[in-house]
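Here is what each chain is made of, one letter per residue.
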Amino acid sequence: QVQLVESGGGLVQAGGSLRLSCAASSRTFSSYCMGWFRQAPGKEREFVARVTWNGGVILSADSVKGRFTISRDNAKNTVYLQMNSLKPEDTAVYYCAADVSASCRSTLSYDYEYWGQGTQVTVSS
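The structure presented is a predicted model; accordingly, all values stated were derived computationally and were not measured.

1. Here's the deal with the packing of aromatic side chains
Working step 1: Taken as a whole and assessed by the stated rule, the structure comprises five aromatic pairs.
Working step 2: With centroids separated by 6.3 Å and ring planes inclined at 75°, the aromatic side chains of Tyr-95 and Trp-115 adopt a geometry described as edge-to-face. Of this pair, Tyr-95 sits in strand S9 (residues 92-99) while Trp-115 sits in strand S10 (residues 114-115); the two residues are 20 residues apart in sequence, bridging distant segments of the chain.
Working step 3: The exposure class assigned to Tyr-95 is buried, which follows from its relative accessible area of 13%.
Working step 4: When its relative accessible area of 25% is taken as the criterion, Trp-115 is described as partly exposed.
Working step 5: Members of the aromatic cluster, each reached through a chain of ring pairs, are Phe-37, Phe-47, Tyr-95, Tyr-112 and Trp-115.
Working step 6: Directly above the aromatic system of Tyr-95 lies the positively charged group of Arg-45, at a separation of 3.8 Å from the ring centroid.
Working step 7: Over the aromatic face of Phe-29 sits the side chain of Arg-72, whose NZ or CZ is 4.6 Å from the ring centroid.

Have a look at this one:
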């Protein structure tokens, strides 16, 4: 079992920044593909970004490119999402997720086996 715990959410004004963290309990964290997803009220969960086990390959959704950066620190079993130039439309619950397969090619939520409980991000205009 893998437990994921997100932190760092909160209320911020448009144009501001937040850094989300996701701490994993697994000793094999360094082998997982890690992703961030978000879900706004009344909307489906959507892909935000993912990073391979060694941080070498990163994919971000078009809506956040140039503003959000995913990274990981395997020594700390933690993945991060640095969010800059936040917009009101970024308001959502943000989830980190682990894909334990070796491919790390999916942006679909059902391909990620483990999920955190989510952290709320609210951007005011």
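2. Some details on unusual backbone geometry
Working step 1: The backbone of Asn-77 shows a phi angle near 55°, a positive value even though the residue is not glycine.
Working step 2: Within the element layout of this structure, Asn-77 appears in the loop between strand S7 (68-73) and strand S8 (78-83).
Working step 3: Positioned with a positive phi, Ser-85 is a non-glycine residue whose angle comes to about 50°.

3. Looking at the sheet that holds S8
Working step 1: Read from one edge of the open sheet, four strands run S1-S3-S8-S7, paired in antiparallel fashion. Each end of this open sheet is capped by a strand with a single partner; those strands are strand S1 (4-7) and S7. Between one strand axis and the next, the sheet turns through 15° on average, direction left out of account.
Working step 2: Bridge count for strand S3 (residues 18-24) against S8 is six bridges, and the pairing is antiparallel. From the neighbouring strand, Leu-20 faces S8, where its bridge partner is Leu-81.

About the thresholds
Residues numbered from 1 in each chain as written. Predicted model: local features only at pLDDT ≥ 70, side-chain atom pairs only at ≥ 80, totals over all residues. Heavy atoms only, no water. Phe/Tyr/Trp six-rings, centres within 6.5 Å; stacked < 30°, edge-to-face > 60°. Helix = DSSP H or I, 4+ residues; strand = E, 2+ residues; numbered from the N terminus. Buried < 20%, exposed > 50% of the residue type's maximum accessible area, 1.4 Å probe, protein only. Lys NZ or Arg CZ within 6 Å of the ring centre and 35° of its normal. Pairing = 2+ DSSP bridges. Axes fitted to C-alpha atoms, helices over the stretch in contact; angles between N-to-C directions.

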